[in-house]
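Observations on the three-dimensional arrangement
As a plain string of letters, each chain reads:
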Amino acid sequence: MLTENILTLTIFFPLLGFAVLLFVSRERASMIKLIGLITTLITFGLSLVLYFGFDDQAAGFQFQHQQVWIAGLNISYFVGIDGMALLLIVLTTFLTPLALLGTWESITHRIKEYTLMILLLEVGMIGVFAALDLFLFYVFWELILIPMYFIIGVWGGKDRIYAAVKFFLFTLFGSLLMLVAILALGYLASQYPGGQFTMNLLELYGIGPRLPAVLQGWLFAAFALSFAIKVPLFPFHTWLPDAHVQAPTAGSVILAGVLLKMGTYGFIRFCLPLFPTASVSFMPSISVLAIIGILYGALVAMVQTDIKKLVAYSSVSHLGFVVLGIFSMTEEGMQGAIIQMVNHGLSTGALFLIVGMIYDRAHTRMITDFGGVAKVMPVFATIFMIVSFSSIGLPGLNGFVGEFLILLGAFKSKFLNSYSYAAFSALGVILAAVYMLWSYQRVMLGPVREGGLYGGHTLSDLSVREIVTYVPIILFIVWIGVYPSTFLSKSAQTTKQVVRIMEDTQRGSKTGTAEVIERQTVRSSNQLIPEQ
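Residues numbered from 1 in each chain as written. Predicted model: local features only at pLDDT ≥ 70, side-chain atom pairs only at ≥ 80, totals over all residues. Heavy atoms only, no water.

Structural notes on the packing of aromatic side chains
Short version of the rule: Whether two aromatic rings pair depends on their centres lying within 6.5 Å, for rings of Phe, Tyr and Trp, where Trp uses its six-membered ring; planes under 30 degrees apart make the pair stacked, over 60 edge-to-face, and the rest tilted. Runs of H or I in DSSP of at least four residues are treated as helices and runs of E of at least two as strands, each being numbered from the N terminus. A simple rule labels every residue: compare its accessible area, found with a 1.4 Å probe on the protein chains alone, to the largest value its type can have, and call it buried under 20%, exposed over 50%, or partly exposed in between.
Tallied over the full model, the rule gives 30 aromatic pairs. Residues tryptophan 141 and phenylalanine 227 carry aromatic rings whose centres are separated by 5.6 Å and whose planes lie at 70° to one another, so their mutual orientation is edge-to-face. With a gap of 86 residues between them, tryptophan 141 in helix H5 (residues 134–143) and phenylalanine 227 in helix H9 (residues 213–230) connect regions that are remote in the sequence. Tryptophan 141 sits in the buried class, given a relative accessible area of 0%.

Following this line, the structure appears as structure tokens:
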């Protein structure tokens, strides 16, 4: 029984910690932190049960659990995961306890409420990646807005209210359009002979590809806009720097490490298999926006004086690579995009922890206020260097694997059909080296500030707790860089199926034969659905 419901247990276990904390006095700060940490660690342990119990060779969704929720509308609690969802769930449960541990002493007020919001946020994030009912997916998607709004708005910087409202409004606007598209898709399913209104994603995989191209285009646009805002894809990125800069460190880690991946996840899970004809039509435009984001994010990051804002703009650039990999519609590009989602969560999450830890000591994030920090904090400098190399994409570390596969996929893509996409996006790799190494040089190297004071404070090297926070991140940075097949094998079946659907769609558009379109529809509805 426990094994059959392990996915549901993983999703909702943080609520157990949430419930326990409701009965703990807010004056008992240490106990509150400990309960939050233990809860998230157990949730990570449950996600490892999913990881080791997952069959790499099986197509479709595993660990499925379905229960009727609203019978009249054919809505159910329906969850299940494939390899892509598995990797993102493990990333979520991995980063959440590290975000709490790394900011153990950073939050000094309303600690109980802060921990409650983190646990509620974790439920929503895992739920998004596991939901196979579109109504359930939307509930989890919107649930995330509430705790993140409060995390930014209550525990953020001086402009936290502005940043929180901007984040909320941007995301809500895209979400409402997606809701309209979800309802329309469910209604259209009822218009086919023998059909009925349904929110079941696996059933809709057989409906979406049959829709007329124009209708697919409108529905794709509604879904894609919501996901593009969440990524964020240029030019929908303007909420991100404000949210990152104003959010507390743990909020920035989770926002960059997990929440942004919900957008790229959505493109692969919903847009491509549900609306393959529209996906092919929109592919050139979205790929161009991805390249603009890669270059724009890197160039703007290069001129930042606030190191946290530099890392924020680097996310715009890195996620542009992920979107390009997805819309190359090749196995290499899509595999690179999925592993790069994980890589970005590790490296950028670690960078935000680094910024948070040095800010806690110096109470400034201005690059010009630093210099020679490596002589004062040698352990910190070493970790910063490794994570910077990871973000740049140094061979042997995780970032290289994702970027190499994405560029390879863009280079050989029959859909993009031009080497220029790979050539221009490769400039982003060079620019990343410029802004990361230049910022490292200005902060870490050179002479120590007069009197050893930074922002009027002396700096101490990392504590044991802080080192323990970074060790597992660095372990995975090296592991993925040296032996990526451990993780690539998990998502291989997902990418093969989606790419096959897209190739059949392109073949159908060229030949105009009904047989090819029908064959693609059968694959989208059957190959993504395992035998029950």
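Let us keep going from here.
Some remarks on the pairing of strand S2 (residues 75–81)
This is how it is decided: The pairing criterion is simple: DSSP has to find at least two bridges between the two strands.
Extensive coverage of S2 is indicated by the burial of 7 of its 7 residues. When strand S1 (residues 62–70) meets S2, the two strands line up antiparallel, connected through 6 bridges. If you follow glutamine 66 over to S2, its bridge partner there is phenylalanine 78. Where S1 folds back on S2, the antiparallel hairpin that results is connected by 4 residues, among which asparagine 74 adopts a positive phi of roughly 55°.

Focus: unusual backbone geometry
The amide bond that connects valine 231 to the next residue, proline 232, takes the cis arrangement and shows omega of -5°. Position of proline 232 relative to the elements: it lies in the loop between H9 and helix H10 (239–246). Of note, the phi angle at histidine 363 is positive, near 60°, even though the residue is not glycine. By the secondary structure assignment, histidine 363 is in the loop between helix H15 (331–362) and helix H16 (373–376). Phi at asparagine 417 is positive, roughly 55°, even though this residue is not glycine. Residue placement: asparagine 417 occurs in the loop between helix H18 (398–412) and helix H19 (420–444).

Topic: empty space enclosed by the protein
Applicable threshold: Only protein atoms enter the 1 Å grid used here, on which a cavity is any set of points holding a 1.4 Å probe that cannot leave and a pocket is any open set flanked by protein within 12 Å on both sides along at least five of seven lines; residues with an atom within 4 Å of a point are listed as lining. Grid points are joined across faces, edges and corners, and a volume is the space filled by probe spheres set on the points. Gly is put with the polar residues, along with every residue not named as nonpolar or charged; the nonpolar set is Ala, Val, Leu, Ile, Met, Phe, Trp, Tyr, Cys and Pro, and the charged set is Asp, Glu, Lys and Arg.
Scanning all chains against the criterion turns up 4 cavities of 30 Å³ or more. Around the largest cavity, the lining residues are Ile32, Lys33, Leu100, Thr103, Trp104, Ile107, Ile111, Tyr114 and Thr115. Its residues placed into classes, the lining of the largest cavity shows 6 nonpolar, 2 polar and 1 charged. Considering only enclosed or pocket space, the second largest cavity measures out at about 70 Å³ in volume. It is helix H21 (residues 485–511) that contributes the most residues to the lining of the second largest cavity, 4 residues altogether. Among the residues forming the lining of the second largest cavity, the class breakdown is 5 nonpolar, 5 polar and 3 charged.

Considering the packing of helix H11 (residues 249–259) against H15
The description of two helices packed together rests on the angle between their axes and the distance between the axes. The condition is simple: Fitting a line to C-alpha atoms yields each axis, with helices limited to the stretch in contact; the angle taken between N-to-C directions then spans 0 to 180 degrees. In what follows, roughly perpendicular refers to angles from 65 to 115 degrees, roughly parallel to angles under 35, roughly antiparallel to angles over 145, and oblique to any angle outside these ranges. Handedness of each helix crossing follows the sense of rotation of the near helix against the far helix: counterclockwise by less than a right angle gives left-handed, clockwise gives right-handed. Contact between two residues is taken to exist if any of their heavy atoms lie within 4.5 Å; hydrogens are not considered.
Relative to each other, H11 and H15 sit at 165°, their axes nearing to 8 Å. Accordingly, the angle class assigned to the pair H11 and H15 is roughly antiparallel. H11 and H15 meet at a crossing whose hand is right-handed. Contacts between H11 and H15 pair Thr249, Ser252, Val253, Ala256 and Gly257 from the former with His344, Gly345, Thr348, Gly349, Phe352, Leu353 and Gly356 from the latter.

Digging into the packing of H10 against helix H14 (residues 307–327)
Look at H10 against H14: their axes get within 9 Å of each other, and the N-to-C directions meet at 140°. Considering their axes alone, H10 and H14 lie oblique with respect to each other. Where H10 crosses over H14, the two elements pack in a sense that is right-handed. Taking contact as the criterion, the partners of Leu240, Pro241, His244 and Val245 in H10 are, on H14, Lys308, Lys309, Ala312, Tyr313, Ser315 and Val316. Considering only residue class, the contact of H10 with H14 consists of 6 nonpolar, 2 polar and 2 charged.

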